[in-house]
Each structure stands twice: as structure tokens, then as C-alpha cells.
Amino acid sequence: MKKLYGVIGHPIAHSMSPVMHNDAFTALELPGYYHAFNIKPEDLEAAIKGMKAIGIAGFNVTIPHKSTIIPLLDEIAPLAEAIGAVNTVILKDGKWIGFNTDGHGFMSALKQDWKSDLQKEKVLLVGAGGAAKAIYYTLASEGVLSIDICNRTLERGEHLAAGCPFPAETNALSLLEAESSLDQYTLIIQTTSIGMSPKVKDTPLSLNKMKPGTFVSDIIYNPFKTTFLQQAQEKGALIQNGLGMFVYQGALAFEKWTGLTPDTERMRKIVIKQLGGYDVNR
Ligand code: NAP
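Residues numbered from 1 in each chain as written. Predicted model: local features only at pLDDT ≥ 70, side-chain atom pairs only at ≥ 80, totals over all residues. Heavy atoms only, no water.

Asks: Sorry, what's going on with the UniProt feature "domain: Quinate/shikimate 5-dehydrogenase/glutamyl-tRNA reductase" (unreviewed entry) in the chain here?
Replies: The UniProt entry lists residues 114-193 under the feature "domain: Quinate/shikimate 5-dehydrogenase/glutamyl-tRNA reductase" (unreviewed entry), expressed in the numbering used here. As annotated, residues 114-193 comprises 31% helix and 20% strand, and the C-alpha atoms at either end are separated by 23 Å. (UniProt positions renumbered as here; feature names shortened; annotations may be inferred. Helix = DSSP H or I, 4+ residues; strand = E, 2+ residues; numbered from the N terminus.)

Asks: Looking at this model, I keep getting lost on the pattern of salt bridges. Mind explaining?
Replies: A side chain of one charge can pair with a side chain of the opposite charge when the charged atoms of the two come close. This model, assessed by the stated rule, comprises seven salt bridges. D74 is the salt-bridge partner of K52, the closest N and O atoms lying 2.9 Å from each other. Linking K52 in helix α2 (residues 44-53) with D74 in the loop between β3 (58-61) and β4 (75-76), this pair joins segments that are 22 residues apart in sequence. The closest approach of N and O atoms between K66 and D102, which form a salt bridge, is 2.8 Å. With a gap of 36 residues between them, K66 in the loop between β3 and β4 and D102 in helix α4 (residues 102-113) connect regions that are remote in the sequence. Take K66: its relative accessible area is 22%, and that puts it in the partly exposed class. Overall, the relative accessible area of 7% leaves D102 in the buried class. (Salt bridge = Lys/Arg side-chain N within 4 Å of Asp/Glu carboxyl O. Buried < 20%, exposed > 50% of the residue type's maximum accessible area, 1.4 Å probe, protein only.)

Asks: Quick question: what am I supposed to make of the UniProt feature "domain: Shikimate dehydrogenase substrate binding N-terminal" (unreviewed entry) in the chain here?
Replies: Sequence positions flagged by UniProt for "domain: Shikimate dehydrogenase substrate binding N-terminal" (unreviewed entry) are, in local numbering, residues 7-89. Within residues 7-89, the helical portion is 33% and the strand portion 22%, while the C-alpha atoms at the span's ends are 10 Å from each other.

Asks: Sorry if this is basic, but what is going on with the pairing of strand β1 (residues 3-9) here?
Replies: The side chains of a regular strand alternate, first on one face of the sheet and then on the other. The buried fraction of β1 is high, at five of seven residues. As paired elements, β1 and β3 share four bridges and run parallel to each other. Each bridged residue has a counterpart across the sheet, and for I8 the counterpart in β3 is V61. (Pairing = 2+ DSSP bridges.)

Asks: Whenever I open this one, helix α9 (residues 243-258) confuses me. Can you help?
Replies: It helps to recall that an α-helix has 3.6 residues per turn; residues three or four apart then point in one direction. For α9, built from 16 residues, the straight-helix expectation of 22 Å at 1.5 Å per residue is met to within 8% by its first-to-last C-alpha distance of 22 Å. Of all 16 residues that make up α9, 12 are buried, and the element is covered over most of its length. Taken as a whole, α9 has its buried residues at L243, G244, M245, F246, V247, Y248, Q249, G250, A251, A253, F254 and W257. A positive backbone phi angle near 75° is found at G259, which sits one or two residues after α9. (Expected span 1.5 Å × (residues − 1).)

Asks: Explain the sheet that holds strand β8 (residues 146-150) to me, please; I cannot follow it from the model alone.
Replies: In a beta sheet, neighbouring strands are held together by backbone hydrogen bonds and run either parallel or antiparallel to one another. Strand order in the open sheet formed by six strands is β9-β8-β7-β10-β11-β12, with parallel pairing between adjacent strands. Each edge of the open sheet carries a strand with a single partner, namely β9 (172-173) and β12 (238-240). Pairing analysis gives three bridges linking strand β11 (residues 215-218) to β12, with the strands arranged parallel. The residue of β12 that forms the bridge with V216 is I239. The strands touched by helix α8 (residues 227-234) are β10 (187-190), β11 and β12; relative to β11, the strand with the most contacts, the crossing angle is about 170°. (Contact = heavy atoms within 4.5 Å. Axes fitted to C-alpha atoms, helices over the stretch in contact; angles between N-to-C directions.)

Asks: What's the story with the domain arrangement of the chain in this structure? I'm lost.
Replies: How big an interface is tends to be expressed through the accessible area that disappears when the partners come together. On domain assignment, one finds that the chain holds domain 1 (3-100 + 244-275) and domain 2 (103-241). For domain 1 versus domain 2, the distance between C-alpha centres works out to 25 Å. Taken together, the 15 residues of domain 1 in the interface contact 19 residues of domain 2. Overall, the association of domain 1 and domain 2 removes approximately 1500 Å² of surface from exposure, summing both partners, and the carbon and sulfur fraction of that is 69%. Of all residues in domain 1, I83, M245 and Y248 bury the most surface against domain 2, accounting for 40% of the area lost on that side. Connecting domain 1 to domain 2 are zero salt bridges. (Domains from an automatic or database assignment. Buried area = accessible area lost by both parts, 1.4 Å probe.)

Asks: What is the right way to look at the site of the ligand in this model?
Replies: Not every one of the 23 residues close to the ligand is listed here, only the nearest: A131, N151, R152, T153 and I219. Separating an oxygen atom of the ligand from a side-chain N or O atom of R152 is a distance of 2.9 Å. Every element with two or more residues in the shell around the ligand is listed here: α5 (130-141) and α9. Grouping the constituent residues of the shell around the ligand by class yields 10 nonpolar, nine polar and four charged. Three or more residues apiece are contributed to the shell around the ligand by two domains, here domain 1 (3-100 + 244-275) and domain 2 (103-241). (Near = heavy atom within 4 Å. Polar contact = N/O pair within 3.5 Å; in protein donor to acceptor, adjacent residues only side chain to side chain. Nonpolar A, V, L, I, M, F, W, Y, C, P; charged D, E, K, R; others polar.)

Asks: Would you take a moment to explain α5 for this structure?
Replies: Along its 12 residues, α5 runs 17 Å from first to last C-alpha, staying within 8% of the 16 Å computed at 1.5 Å per residue. Across the 12 residues of α5, nine count as buried, placing the element largely inside the fold. Within α5 the residues assigned to the buried category are A131, A132, A134, I135, Y136, Y137, T138, L139 and A140. Downstream of α5 by a residue or two, G143 has a phi angle that is positive, lying close to 90°.

Here it is in C-alpha cells:
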């Protein structure tokens, strides 16, 4: 009998996770099936209990449940606890255990598309939400020492680094302050939802002061090339979209559930085919 996996979110209809994971089960000839569950916030508690009762073997968590699920799980891995967000849940000895694979997913993609030695980079994180926090903590855990944050809501940027168990020097900036000092940074990571479909012309900040040769990553992958990435490329940046992060966070979840490593190139290709997109950085 097939084991059942899934993703919970609201809304969830456009999730690329089912097609990606179901193809990985097929490729590895594993008896698994992955389904997208649309769970309203008010139904989350009942859903988590019900998922155990019907024997779901593991699942992903997306907006808006990444933080609110924490008190409903039996254990939380230390990194997910520090970040305050869970995107992957496994069932072990009858207990739901929550993990966060977003930061490591981002890091794997960055290493694949750019370089692995990041410790001396001067990093600017644009945004201070859940994804930014996962990326900040993972960068700091890998010894990146200079990570500034700019965000529309300044206090959220100021609070993001507090409680991080790994050392890093951080200035919290307004978007305008960051715009005027962009030439300091070698790596700019755009983590806000600005530029996502359908508001594809919007960008979080002007790149006028950015140096050519800067690596610019935007964790959005729908559209495949945001206006922010397009402008960065026109100014001589090396660019990366969020597809690699999405694929690797999924691959890490798949490994936790099955103990097997899926083919990430195949996963990338199936999402590209499904969305009718293309590789922006290859
Ligand atoms: P979140 O926790 O809601 O944070 C949203 C961020 O965007 C905050 O910094 C927020 O600023 C900013 N923002 C939103 N609307 C804005 C506006 N109109 N003007 C200025 N700033 C605005 O969301 P999240 O979970 O971090 O996700 C953020 C993005 O990352 C989404 O597009 C999501 O799809 C993407 N993501 C991609 C992956 C992947 O695998 N590629 C994984 C996770 C997330 P304030 O603090 O001022 O509200």
C-alpha cells in the first residue's frame, strides 16, 4: 500500500510540491503519494490530529501555518525552534517532529549556482519575514559574519537577528537606507513577496547603487525572473531565482521522510515544465 504524504496551506491550489514529490516517488520506484491539503487556519488543530489518525507519514507546511503549527507538534528540531517556523513534519515513533529545511534549501541552491565559501561575503537580506529568518540563521550557522537586513517594517528587521544562536554582525536598515548603500554588498537576497505574480512589475528597492558583479538572489520563482532580477541582470549582476531553494527544501524533506536522496535536477525540470518557465541563471 502507498504511504501518504502532503502539504498543508491556505490557499494551496497552485503548489508545485505535489507534482515534484510524486515524480520523485515514481523515479525512485517508492510506493508514496503526495497530496495538497487546503487547511483553513481555524481547522489546523483538527487537521493535525486527523492526519495522525488516518496514517499520513509526513508532510510539508506552508503559508499561513508555518508558525502556528508549532504548539500542535510533539517535538521541534532546534533550528526550527530558533527560527520559529516549521516547513517539514516527520512521524517518528508516533510523534510529529517539526523541521525547517528552507534555510538549508536556500544554501544548497546558492552553493550550486554561485560558490560554497561564503564566509567573507557582505550580505544584504531584503525582507524580514519567515523565509528571511530561516536564511539569516542558516547563513550565520555557516559562519557568514556580515548580514544586514532591510525591511519595510524596521522593527521586524531589528528583531530578526535577536535570539540567533550563531554570531553575525547585523545592521537593520530601512529600504531607503539600504538603497543608498547597496555598493557595500557582494550578495543581495530578496525575500519579500514583492514582485510575485500578479503584481510582477513591483520591486522592493532601486538597484541604482549596486555594483556590477554582485550576486543577486530572489527567492520568488513565479514569475521565473522578477522585475527585480531583470533590473539586477541589466546592471551587471549574476542572478538566481527561488527555484533552486524550492527544489532543495523539498529534496531535504523527501530525504527525512524516506531516507533516500531524490534527483534534484529531475525535480527542477519537472517544476520548470509545469510552470512553463526556464532556468534564469544557467
Ligand atoms: P512573510 O513571513 O509574510 O514575510 C513577507 C515579507 O515581505 C516581509 O518582510 C514583509 O515586510 C515584506 N512585504 C510584503 N509586502 C510588502 C510590501 N507591499 N512592501 C514592502 N514589503 C513587503 O513571508 P515569507 O514566508 O517570508 O515569504 C516571503 C516570500 O518568499 C514569498 O514570496 C514566498 O513565496 C517566498 N518563499 C519562497 C520559498 C522558496 O522555496 N523559493 C520558500 C519560502 C518562501 P513587513 O515585515 O514590513 O510586512
